[in-house]
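What the coordinates show
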Amino acid sequence: MGEASEKLFHKLTEVCNHFDIPPSTLRYWESEFPSFNPKRNEKGTRFYNQKDIEEISKIHLLVKQNKYTIQGAIEKLKMDNKKIDENVKIVQKLKKIRDFLTQLKQEL
């Protein structure tokens, strides 16, 4: 679901699996964070584009990894959005390195 993803839109279950969060959490974040508003079809099914995924990455970093409260995360996004973008990119790079090292270890 990163740079290599060819899909323009992702379904709720795909996004939840990627971030390892339940659907209720993602729907709750949608109601709490004004900057996060996925597209919906006529039936109400949510579809997440790359911008939504980036916003979820920021929210996930703040709430799940850095243990911010929802209100604290909202305030942090208002004040330091650019720095959070940088932190998300660093975390993604570190995960890629970890995955590579894990694969390398298995091959040895």
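Going by the structure above, here's the rest.
Residues numbered from 1 in each chain as written. Predicted model: local features only at pLDDT ≥ 70, side-chain atom pairs only at ≥ 80, totals over all residues. Heavy atoms only, no water.

What follows is about the environment of leucine 12. Locating leucine 12 in the fold gives a position in helix α1 (residues 12-19). Residues leucine 12 and leucine 26, spaced 14 residues apart in sequence, show a C-alpha to C-alpha distance of 8.1 Å. Not counting the four nearest positions on each side in its chain, leucine 12 is found in contact with Pro23, Leu26, Arg27, Arg46 and Tyr48. (Helix = DSSP H or I, 4+ residues; strand = E, 2+ residues; numbered from the N terminus. Contact = heavy atoms within 4.5 Å.)

The subject of this paragraph is the packing of α1 against helix α2 (residues 23-32). It is at 9 Å that the axes of α1 and α2 come closest, and there the two elements cross at 105 degrees. One element, α1, and the other, α2, form an angle in the roughly perpendicular class. Contact residues: Leu12, Val15 and Cys16 in α1; Pro23, Leu26 and Arg27 in α2. Taken together, the residues of the contact of α1 with α2 break down into 5 nonpolar, no polar and 1 charged. (Axes fitted to C-alpha atoms, helices over the stretch in contact; angles between N-to-C directions. Parallel < 35°, antiparallel > 145°, perpendicular 65-115°, else oblique. Nonpolar A, V, L, I, M, F, W, Y, C, P; charged D, E, K, R; others polar.)

Tallied over the full model, the rule gives 1 aromatic pair. When the centroid spacing of 6.0 Å and the interplanar angle of 25 degrees are considered together, the rings of phenylalanine 36 and tyrosine 48 count as stacked. Remark: tyrosine 48 occurs in strand β3 (residues 46-48) and phenylalanine 36 occurs in the loop between α2 and β2 (39-40); sequence separation between them is 12 residues. (Phe/Tyr/Trp six-rings, centres within 6.5 Å; stacked < 30°, edge-to-face > 60°.)

Once that is clear, we can look at the sheet that holds β3. With antiparallel pairing, the 3 strands of this open sheet are ordered in space as β1-β3-β2. Unpaired on one side and paired on the other, β1 (10-11) and β2 mark the two borders of the sheet. Sheet analysis places β2 next to β3, joined by 2 bridges and oriented antiparallel. When the bridges of β3 are listed, lysine 39 appears paired with phenylalanine 47. (Pairing = 2+ DSSP bridges.)

Between the first and last C-alpha of helix α3 (residues 50-65) there are 21 Å, a value that for 16 residues agrees with the 22 Å anticipated at 1.5 Å per step. Of the residues making up α3, those classed as buried are Asp52, Ile53, Glu55, Ile56, Ser57, Lys58, Ile59, His60, Leu61, Leu62 and Val63. Summarising the contacts, the buried residues of α3 are in contact with β1, α1, α2, β2, β3 and α4 (70-107). For α3, the side-chain oxygen to backbone nitrogen distance between the N-cap and lysine 51 is 3.1 Å, and the N-cap itself is asparagine 49. Trailing α3 by a residue or two, lysine 67 shows a phi angle of about 65 degrees, which is positive. (Expected span 1.5 Å × (residues − 1). Buried < 20%, exposed > 50% of the residue type's maximum accessible area, 1.4 Å probe, protein only. Polar contact = N/O pair within 3.5 Å; in protein donor to acceptor, adjacent residues only side chain to side chain.)

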